[in-house]
Amino acid sequence: MTARPALEEPFAIDLPGYRLAGVLHLPPQDRGPGRLITIAHGLFSSMASPKLTRLARTLAGRGLAAARFDAQGCGLSGGEIARTTLTGRAAAIRAVMDHLLARPDVAGPPLALGSSFGGTASLWLGAEDKSLAGVIAWSAPSDFKELAARWRELEEEPLGPGFFEDLQRLDLPGGLAGLGPVLQIHGENDEVVPLSQALELNRILGQSGRLVIVPGADHRLSTPGALEMALKETLNWLTEKHFCCQGRTWRVD
């Protein structure tokens, strides 16, 4: 099944201290309102990521209203990345949802999808906000003890003290217990976020979670065939949960 071209519209939201920029990918008009799915990028990435752009267009072609956006201090959004926190990124996802759900061509309840740190922010929002229909996390960390210590040693990384203080306040991964439904996509050879984190989160989630391990894949899912598998498994899960789509045989373009 070939994805149809998405109708793409830029949007902007004024948030405390900065203006957030995003792009909404709408499904073909003959499909009616699309269920909203937000797409959150990684810590130092942006919505211009070819991987996330392809993801958004694929989801819109399957009937979803896919919204990718730049976090504070990233890409086209204003503000300073030094003010980034996990709870702040989760709040930005919620703000995007509230803004776009006011449109007649966008429907809820919304879904949240995120890559890496954006996946963690999506998971945290889902745990805090039970109005979400589900969460999809690609290559997402769920325990920052080791990662935060590593980032503190990298003087060139523009993270402020509030970033680390925020992580210390949060109960991760324990605070994600009871969250669901959740799909995790994780590379077998993820060099940034150990596979053991995805396995542990899947254990905590129990029956509400599903973990797909992509053989041989790295953190960015850039190894041959990894992104195609991630897209296919994501579409299959969305279909199984009746969030979108018709049929279960996909040609991923």
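Everything discussed here concerns the structure shown above.
It should be emphasised that the depicted structure is a prediction, and the values quoted were computed from it without experimental measurement.

## Some details on the overall build of the protein chain
Alright, step 1. A count of helices and strands for the protein chain gives seven helices and eight strands.
Alright, step 2. Against the 2.2 N^0.38 benchmark of 18 Å for 253 residues, the protein chain shows a C-alpha radius of gyration of 17 Å, consistent with a compact globule.
Alright, step 3. By principal-axis analysis of the C-alpha atoms, the protein chain measures approximately 50 × 40 × 35 Å.
Alright, step 4. Burial status across the protein chain gives 57% buried among its 253 residues.
Alright, step 5. Summarising the internal contacts of the protein chain: among those between residues at least 6 apart in sequence, 71% fall at separations of at least 24.
Alright, step 6. Accessible surface for the protein chain amounts to roughly 10800 Å². Of this, 51% is attributable to carbon and sulfur atoms.
Alright, step 7. The centroid of the 25 positive side-chain charges in the protein chain is displaced by 7 Å from the centroid of its 28 negative side-chain charges.

## Here we look at helix α3 (residues 117-128)
Alright, step 1. In this model α3 runs 17 Å from its N-terminal to its C-terminal C-alpha over twelve residues, within 8% of the 16 Å that 1.5 Å per residue would give.
Alright, step 2. Of all the twelve residues making up α3, eleven are buried; the element is thus mostly covered by neighbouring parts of the structure.
Alright, step 3. What α3 keeps buried is the set Phe117, Gly118, Gly119, Thr120, Ala121, Ser122, Leu123, Trp124, Leu125, Gly126 and Ala127.

## Side note on the environment of alanine 67
Alright, step 1. When you line up the elements, alanine 67 lands in strand β4 (residues 64-69).
Alright, step 2. For the pair alanine 67 and glycine 22, spaced 45 residues apart in sequence, the C-alpha to C-alpha distance is 6.9 Å.
Alright, step 3. In this structure, alanine 67 is in contact with Phe11, Val23, Leu24, Leu36, Ile37, Thr38, Ile39, Val96 and Leu100, ignoring residues within four places of it in sequence.

## Overview of the sheet that holds strand β2 (residues 18-26)
Alright, step 1. Strand order across the open sheet formed by eight strands is β1-β2-β4-β3-β5-β6-β7-β8, with mixed pairing between neighbours. The two strands at the open ends of the sheet, each matched to only one other strand, are β1 (7-15) and β8 (209-214). Averaged over all adjacent pairs, the angle separating strand axes in this sheet is 20 degrees, with direction ignored.
Alright, step 2. Across four bridges, β2 lies against β4 in antiparallel orientation. Bridge pairing in β4 links histidine 25 to alanine 66.
Alright, step 3. Along the sheet, helix α1 (residues 50-61) contacts β1, β2, β3 (34-40), β4, β5 (106-115) and β6 (134-138); its crossing angle with β4, the most-contacted strand, is approximately 160 degrees.
Alright, step 4. Strands β4, β5, β6, β7 (182-187) and β8 of the sheet are contacted by helix α7 (residues 226-240), whose axis makes an angle of about 170 degrees with β6.

Criteria and cut-off values
Residues numbered from 1 in each chain as written. Predicted model: local features only at pLDDT ≥ 70, side-chain atom pairs only at ≥ 80, totals over all residues. Heavy atoms only, no water. Helix = DSSP H or I, 4+ residues; strand = E, 2+ residues; numbered from the N terminus. Rg over C-alpha atoms; globule rule 2.2 N^0.38 Å. Buried < 20%, exposed > 50% of the residue type's maximum accessible area, 1.4 Å probe, protein only. Contact = heavy atoms within 4.5 Å. Areas by Shrake-Rupley, 256 points an atom, 1.4 Å probe, with all protein chains shown as cover. Lys, Arg positive; Asp, Glu negative; His and termini not counted. Charge placed at Lys NZ, Arg CZ, Asp CG, Glu CD. Expected span 1.5 Å × (residues − 1). Pairing = 2+ DSSP bridges. Axes fitted to C-alpha atoms, helices over the stretch in contact; angles between N-to-C directions.

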